[in-house]
Each structure stands twice: as C-alpha cells, then as structure tokens.
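Notes for the structure review
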Amino acid sequence: SFLISLSIYMMFSNMSYNFNWSQVYEYKQKFINGFIMTFIISFFALILSFLIGLFFAYAQNSKLIMLRFFARFYIELIRGTPLLVQILIFFYVFANNLGFENRYIVGTFILAIFSGAYVCEIIRAAIESIEKEQFETSLSLGMTNYQMYRYIIFPQAFKRMLPSLTGQFASIIKDSSLLSIIAISEFTMNAQEVDSITYSTLESYIPLAIGYLILTYPISYYTKNLEKKIK
C-alpha cells in the first residue's frame, strides 16, 4: 500500500495541472446528496438482487418445466445484454407503458434484476458444489427438502459463495453510476454536473472515486470478517 500511495503521489506531483478545489467545494452538498442517493439505491438493489437470485436458483431446479425455462431465459437474456441497454429498455418501454413514473424506484429494480441473474448463478454453482452424498444422507435421515437446505446444504454453500457475492455486491454500487442515463441524481451524475459547471474535471472526479471506495470497502471488509467467523 505504501508503494501504491507513493506512485500516486509521484504521478500527481509531476502533473502540469493547477487544482482549484474552492470552486468544487461550493457544490459539496451536491456531492453529499449524490453519495446518499447512491447508497440508498445500492442498498435496496443489493437486498432485492439476493432475493431474486435465490428465487431463480430454486426455479432452475424446479420440477415445473415452464418455471425452469423461464429461469433459464431470464438468466441468458440478462447476462447476454449490456446493463445500459437494459436500463433504457426497462425504463422507456416497460416502466413508461406500465405507468411507473418514479425513476428512482424503477432504477433500483433495474439494478436488482440485472444483478439477480449473476447472484442466481453464484448461488446455483455453490449449491451444486456440495457433494451428492450430503443430499442423499439428509434425505435418508428423514429430512424434508426445506430442512435439508436450511440446516445442511445452504450453510456450506453460503461459505463458498461469499467471495463471489462480495464482488457482485460491490459491482452493484459501481453499476449504479449508469442510472444517470435516465436522469437519476446519483453520485456520478452530480459529479458530472459539477464538472460541467466549474470545468474542474479532476477536482470533481477524485471525490467521486473516493466516495465509491468508501461505499465498496465495507462490503469487502465485513465479508472477510464473516468468512473468518464461519471458518
């Protein structure tokens, strides 16, 4: 970390760029509002994406053929198309036609639907990595499917899926920056507005980078602690 900090310092010290933080500081409230909005959107999108992922992970192994087909179609569609395109289509085609006007709620659901497809595959892969003998032993002991997954399978799978979930949840926060395309006043859009007003590009985007680091680092930190406790 010392070498990285030193390298960053050397790069900035050799720049022929005159920083003017005073202009950007006048718009500090805009940065704060954007930071809070990104946190709120990401928080609810994170919870929803996990619930969506759980549902479709179950749906992929359902006895109902239509439910399995729908789950597979959803995963392939979402993972095979860019998030930017999905935002535009979901908002301007589906949400507008269905009468949903609150772009913040719609944006949160779009993020959750997008991330849910990846969370689903993470959960499915973790469950399938559990040895078949454990499934068979659980059923032979008279456990129901719910008891088997609740007490035997999911606790082990959860430990295996944690590292991948950490990366996916951090991606939700960073992907929220694309919601600026539908005029949601989140962190990135507010930084862009400050830049367009003050013409202070680095002074606007350095706080943006630091803000996203503040948002994503706790996820990584607490997940590592959780992994240690589980072990």
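Residues numbered from 1 in each chain as written. Predicted model: local features only at pLDDT ≥ 70, side-chain atom pairs only at ≥ 80, totals over all residues. Heavy atoms only, no water.

1. Quick word on the overall build of the chain
Counting its secondary structure elements, the chain contains ten helices and zero strands. Reading the chain from its N end, one meets helices and strands in the order α-α-α-α-α-α-α-α-α-α. A burial count over the chain gives 35% of its 231 residues as buried. Summarising the internal contacts of the chain: among those between residues at least 6 apart in sequence, 76% fall at separations of at least 24. Accessible surface, the chain as shown: approximately 14200 Å² in total, 67% of it carbon and sulfur. Here the chain contributes 17 positively and 14 negatively charged side chains, and the mean placements of these two sets differ by 9 Å. (Helix = DSSP H or I, 4+ residues; strand = E, 2+ residues; numbered from the N terminus. Buried < 20%, exposed > 50% of the residue type's maximum accessible area, 1.4 Å probe, protein only. Contact = heavy atoms within 4.5 Å. Areas by Shrake-Rupley, 256 points an atom, 1.4 Å probe, with all protein chains shown as cover. Lys, Arg positive; Asp, Glu negative; His and termini not counted. Charge placed at Lys NZ, Arg CZ, Asp CG, Glu CD.)

2. A closer look at the environment of phenylalanine 158
With respect to the secondary-structure elements, phenylalanine 158 resides in helix 8 (residues 145-175). In sequence terms phenylalanine 158 and alanine 57 are 101 residues apart; their C-alpha atoms lie 13 Å from each other. Apart from residues lying up to four places away in sequence, phenylalanine 158 is in contact with Leu226 and Ile230.

3. Topic: the environment of phenylalanine 154
If you trace the backbone, phenylalanine 154 turns up in helix 8. Taking the C-alpha atoms as reference points, phenylalanine 154 and isoleucine 130, 24 residues apart in sequence, are found 9.3 Å from one another. If we skip the residues at most four places from it in the chain, phenylalanine 154 touches Phe50, Leu54, Tyr149 and Met161.

4. Focus on the nonpolar core
Ranked by size, the top nonpolar core spans 48 residues in total, and within it Tyr74, Leu111, Met161 and Leu179 carry the most contacts. In terms of residue count, helix 6 (residues 103-128) provides more of this core than any other element does, twelve residues in total. Among residues more than four places away in sequence, those in contact with leucine 111 are Ile41, Ala45, Leu83, Ile172, Asp175, Ser176 and Leu179. (Core = buried A, V, L, I, M, F, W, Y, C linked by side-chain atoms within 4.5 Å.)

5. Details of the packing of aromatic side chains
Summed over the entire model, instances satisfying the criterion amount to 16 aromatic pairs. Between phenylalanine 39 and phenylalanine 43 the ring centres are 6.2 Å apart and the planes differ by 20 degrees, which places this aromatic pair in the stacked class. Of the two residues, phenylalanine 39 and phenylalanine 43 both sit in helix 3 (residues 28-60), four residues apart, roughly one turn of that helix. Residue classification places phenylalanine 39 among the partly exposed residues on the basis of a relative accessible area of 46%. Its relative accessible area of 42% is what places phenylalanine 43 among the partly exposed residues. Where phenylalanine 56 meets phenylalanine 70, the ring centres are 5.7 Å apart and the plane angle is 40 degrees; that geometry is what we call tilted. One end of the pair, phenylalanine 56, is in helix 3; the other, phenylalanine 70, is in helix 4 (residues 65-79), and 14 residues separate them in sequence. Given a relative accessible area of 42%, phenylalanine 70 falls into the partly exposed group. Taken together, the ring pairs connect Phe55, Phe56, Phe70 and Tyr74 into an aromatic cluster. Looking at lysine 28, its charged tip hangs above the ring of tyrosine 25, at a distance of 4.7 Å from the centre. (Phe/Tyr/Trp six-rings, centres within 6.5 Å; stacked < 30°, edge-to-face > 60°. Lys NZ or Arg CZ within 6 Å of the ring centre and 35° of its normal.)

6. Digging into the pattern of salt bridges
Counting across every chain of the model gives six salt bridges. The partner of arginine 72 in a salt bridge is glutamate 76, with the nearest N and O atoms 2.8 Å apart. Highlighted residues: arginine 72 and glutamate 76, both in helix 4, separated by four residues, approximately one helical turn. In this structure glutamate 76 comes out as partly exposed when scored by relative accessible area, which is 47%. Salt-bridge contacts for glutamate 121 lead to arginine 72; the nearest nitrogen and oxygen are separated by 3.8 Å. (Salt bridge = Lys/Arg side-chain N within 4 Å of Asp/Glu carboxyl O.)

7. A closer look at helix 9 (residues 187-198)
For helix 9, with twelve residues, the first-to-last C-alpha span of 17 Å sits near the 16 Å given by 1.5 Å per residue. Where helix 9 is concerned, the buried positions are Phe187, Thr188, Met189, Asn190, Ala191, Val194, Asp195 and Thr198. Looking at the buried side of helix 9, the elements it contacts are helix 2 (21-25), helix 3 and helix 10 (201-230). With a side-chain oxygen lying 3.0 Å from the backbone nitrogen of threonine 188, the N-terminal cap of helix 9 falls on glutamate 186. Tyrosine 199 occupies a position one or two residues after helix 9 and carries a positive phi of about 60 degrees. (Expected span 1.5 Å × (residues − 1). Polar contact = N/O pair within 3.5 Å; in protein donor to acceptor, adjacent residues only side chain to side chain.)

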